Amino acid sequence: MTVGRGGEPDAITALAADAYVYGSPLVRRLSAVQAGLRDGSGAPAPTAFNDFAHADGPATPATRVPFAPADLVDALAHLDLSGGPVRLHVPDTAGAYYVLQFVDAWSNAFAYLGPRVTTGEGDWLIVPPGWAGTVPGGVSGVIDAPTSVVSVVGRLACDGPGDMPRVRALQQELTLTHLGDRAHRTALPATEPGVPGELRFFEELRVWVADFPPSAADRAYQDRFQPLGLLEEGISPYASAGPRLVRALGRGIALGRLRVEEVARRAAVTAETPSGAWQTHPHLRDYNLDHFGVGTLGPPEWTISDREASYLVRAVAARRGHWLPHGYEAVHAHTSRDSRGRPLDGAHRYTLRLAQPPPVRAFWSLAAYDSPGGHLVANSADRYVIGGRTPGLVHGADGSLTLHLCAERPADPVEAANWLPVPAGGFLSVMRLHLPDQAVLDGSYVIPPVEPLGDRPGA
């Protein structure tokens, strides 16, 4: 690494590292949009701007998407508002849980629709930045998009294959209509050809920053990257960059990536105690400091007071996943260890005793994924999730619920009713808490650790 007299990275390298932390969420988000338009996004197939792509059903072992939920059906739409507003029709789900999460180009979740916010059927107008047109009649509300490209991430609750006819009917009614007076884009703004691969990140950031500017407060911070060429318009400065600049920018990317990875690792180590405590990150989305649309909760509880610190949190969140909601919409808790601190493994049998149901206003569920892949694994019962909506669960006389986590069906009928099949080898348990109560968010409700019972017969 190029270093100065004090042993610190030189100015360009250090600035490039800051630019990576600041800009990687934008590059990751729009790269995902590009991939979704071209190849699809996991279960949803590829589709054009301003149209929904729907998964065929909840995740199964055939769904090769890490940690995909087995009780929700994905819907995804990438919107381009460069030609004007888009009208969204939301059907009446008759009380069934769903959420439509709106995410801008910088990965800010800036609006939500769903039973936490709205009820019944309705139409919503999604408008581009600075729009000053006339709102048509019959619209429930206006959603102001911070950037001209946004994604609508939908999740529809589904109780298995028998519930899919209901879900398919909702999918058909979930529609988007372009209302603009000119054509919208068919692809993202193109980067300049001939830029070396090691500078591709900075070229994408340069082009997309210009087309999808951040908030005014962020632009003030962004101005400091002028020496890197990120604010240059027209011909790319990276197509003819000299070797010294190429080295400095490349090392800056490596340094910035290391900074993000280190923060993510420290968070995991801090949350994962030897006793097998469940990890939760309800405030991982709190970096949105400027755009609070319908369904969002603003400061002070759900924002980060230090703007520069928020960039690092945003980069960590973007690394973990593009579609994570705010904690007030859903909390995803996970553990890979039992109460003794040992890795969960299907060679053993486990129980999870819930003295009372997790405090949620929608529903909760538990799933098991293989480790390290994060995929569902086929089992004899075709059961990949268990939770508050699972029929036939047997509760104790005191109202408690004991779930049995093991690779083979228990012989006891009560244990079999409360059985969550797990992979034969290492696995990770994920509990999803939809519309969690305050007790979940403030930590006063603690999910008990997974307790080992012994080896699987014949293991």
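The model shown is predicted, which means the values in this text are computed figures rather than measured ones.

### A short note on unusual backbone geometry
Turning to step 1, where the next piece is worked out: The peptide bond linking Pro-299 to Pro-300 adopts the cis configuration, its omega dihedral lying at 0°.
Turning to step 2, where the next piece is worked out: Mapped onto the elements, Pro-300 comes out in the loop between helix H5 (243-271) and helix H6 (307-320).
Turning to step 3, where the next piece is worked out: Even without a glycine there, the phi angle at Asn-50 is positive, about 65°.
Turning to step 4, where the next piece is worked out: Mapped onto the fold, Asn-50 is located in the loop between helix H1 (11-38) and strand E1 (52-54).
Turning to step 5, where the next piece is worked out: At Ser-107, a position not held by glycine, the phi torsion is positive, near 75°.

### A look at the sheet that holds strand E12 (residues 364-370)
Turning to step 1, where the next piece is worked out: Strands sit in the order E10-E16-E12-E13 across an open sheet of four strands; the sheet is antiparallel. Unpaired on one side and paired on the other, strand E10 (330-335) and strand E13 (386-387) mark the two borders of the sheet.

### Thoughts on the packing of aromatic side chains
Both the distance between ring centres and the angle between the ring planes are used here to describe each pair of aromatic rings.
Turning to step 1, where the next piece is worked out: Following the criterion strictly, the structure yields 15 aromatic pairs and no others.
Turning to step 2, where the next piece is worked out: Seen from their ring centres, Phe-67 and Tyr-369 are 5.2 Å apart, and the 70° between their planes marks the pair as edge-to-face. Linking Phe-67 in the loop between E1 and strand E2 (72-80) with Tyr-369 in strand E12, this pair joins segments that are 302 residues apart in sequence.
Turning to step 3, where the next piece is worked out: Exposure remark for Tyr-369: the relative accessible area of 0% places this residue in the buried category.
Turning to step 4, where the next piece is worked out: Ring geometry for Tyr-221 against Phe-225: centres 5.6 Å apart, planes inclined by 85°, an arrangement best described as edge-to-face.
Turning to step 5, where the next piece is worked out: Classification of Tyr-221 by relative accessible area gives buried; the value is 14%.
Turning to step 6, where the next piece is worked out: Just above the ring of Tyr-22 sits the side chain of Arg-314; from NZ or CZ to the centre is 5.4 Å.
Turning to step 7, where the next piece is worked out: It is Arg-389 that lies over the ring of Phe-363; its NZ or CZ is 3.8 Å from the centre.

### Some thoughts on the pattern of salt bridges
Turning to step 1, where the next piece is worked out: Counting across every chain of the model gives 21 salt bridges.
Turning to step 2, where the next piece is worked out: When the shortest N-O distance is used, the salt bridge between Asp-18 and Arg-224 registers 3.2 Å. Of the two residues, Asp-18 sits in helix H1 while Arg-224 sits in the loop between helix H4 (216-222) and H5, which places them 206 residues apart along the sequence.
Turning to step 3, where the next piece is worked out: On the basis of relative accessibility, which here comes to 33%, the residue Arg-224 falls in the partly exposed class.
Turning to step 4, where the next piece is worked out: A salt bridge links Glu-262 to Arg-265; the shortest N-O distance between them is 2.9 Å.

### Description of the nonpolar core
Turning to step 1, where the next piece is worked out: In this structure, Leu-30, Phe-202 and Leu-228 are the most contacted members of the largest nonpolar core, which totals 41 residues.
Turning to step 2, where the next piece is worked out: In terms of residue count, H1 provides more of this core than any other element does, eleven residues in total.
Turning to step 3, where the next piece is worked out: The residues touching Leu-228, leaving out its near neighbours within four places in the chain, are Ile-12, Leu-15, Ala-16, Ala-19, Phe-202, Tyr-238 and Leu-249.
Turning to step 4, where the next piece is worked out: Judged by nonpolar contacts, the second largest core, of 36 residues, contains Ala-109, Val-331, Val-422 and Val-440.

### Describing the side chain of Asp-286
Turning to step 1, where the next piece is worked out: By secondary structure assignment, the location of Asp-286 is in the loop between H5 and H6.
Turning to step 2, where the next piece is worked out: Buried charge Asp-286 goes without a salt bridge, the closest partner of opposite sign being Arg-285 at 8.6 Å.
Turning to step 3, where the next piece is worked out: Here the side chain of Asp-286 touches His-283 through a polar contact of 2.6 Å, side chain to side chain.

### Here we look at the sheet that holds strand E6 (residues 122-127)
Turning to step 1, where the next piece is worked out: Here we have four strands laid out as an open sheet, ordered E7-E6-E3-E9, and mixed in their pairing. Because the sheet does not close on itself, it has two edges, and the strands there are strand E7 (141-144) and strand E9 (175-178). Put simply, the sheet's adjacent strands are angled 25° from each other on average, direction ignored.
Turning to step 2, where the next piece is worked out: With four bridges joining them, E6 and E7 adopt parallel strand pairing. Directly across from Trp-124, in E7, lies its bridge partner Gly-141.

### So, H1
Turning to step 1, where the next piece is worked out: Compared with the 40 Å implied by 1.5 Å per residue over 28 residues, the 38 Å span of H1 between its first and last C-alpha is a close match.
Turning to step 2, where the next piece is worked out: The largest bend in H1 comes to about 50°, at Gly-23, with the proline Pro-25 one to four residues further on.
Turning to step 3, where the next piece is worked out: A large share of H1 lies buried, amounting to 20 of its 28 residues.
Turning to step 4, where the next piece is worked out: After H1 finishes, the residue Gly-40 shows a positive phi value of roughly 95°.

### Considerations on the pairing of E6
Turning to step 1, where the next piece is worked out: Most of E6 is tucked away, with six of its six residues classed as buried.
Turning to step 2, where the next piece is worked out: Here E6 shows no split at all, with Gly-122, Trp-124 and Ile-126 on one side and Asp-123, Leu-125 and Val-127 on the other all buried.
Turning to step 3, where the next piece is worked out: Judged from the five bridges that link them, strand E3 (residues 86-90) and E6 form a sheet pairing that is antiparallel. For Val-86, the partnering residue across the bridge sits in E6 and is Ile-126.

### Quick notes on the environment of His-283
Turning to step 1, where the next piece is worked out: Checked against the element boundaries, His-283 lands in the loop between H5 and H6.
Turning to step 2, where the next piece is worked out: What makes His-283 partly exposed here is its relative accessible area of 32%.
Turning to step 3, where the next piece is worked out: Discounting chain neighbours no more than four positions away, the residues touching His-283 are Glu-301 and Trp-302.

Rules used throughout
Residues numbered from 1 in each chain as written. Predicted model: local features only at pLDDT ≥ 70, side-chain atom pairs only at ≥ 80, totals over all residues. Heavy atoms only, no water. Helix = DSSP H or I, 4+ residues; strand = E, 2+ residues; numbered from the N terminus. Pairing = 2+ DSSP bridges. Phe/Tyr/Trp six-rings, centres within 6.5 Å; stacked < 30°, edge-to-face > 60°. Buried < 20%, exposed > 50% of the residue type's maximum accessible area, 1.4 Å probe, protein only. Lys NZ or Arg CZ within 6 Å of the ring centre and 35° of its normal. Salt bridge = Lys/Arg side-chain N within 4 Å of Asp/Glu carboxyl O. Core = buried A, V, L, I, M, F, W, Y, C linked by side-chain atoms within 4.5 Å. Contact = heavy atoms within 4.5 Å. Lys, Arg positive; Asp, Glu negative; His and termini not counted. Polar contact = N/O pair within 3.5 Å; in protein donor to acceptor, adjacent residues only side chain to side chain. Axes fitted to C-alpha atoms, helices over the stretch in contact; angles between N-to-C directions. Expected span 1.5 Å × (residues − 1). Bend = angle between axes of the 7 residues up to and from the residue.

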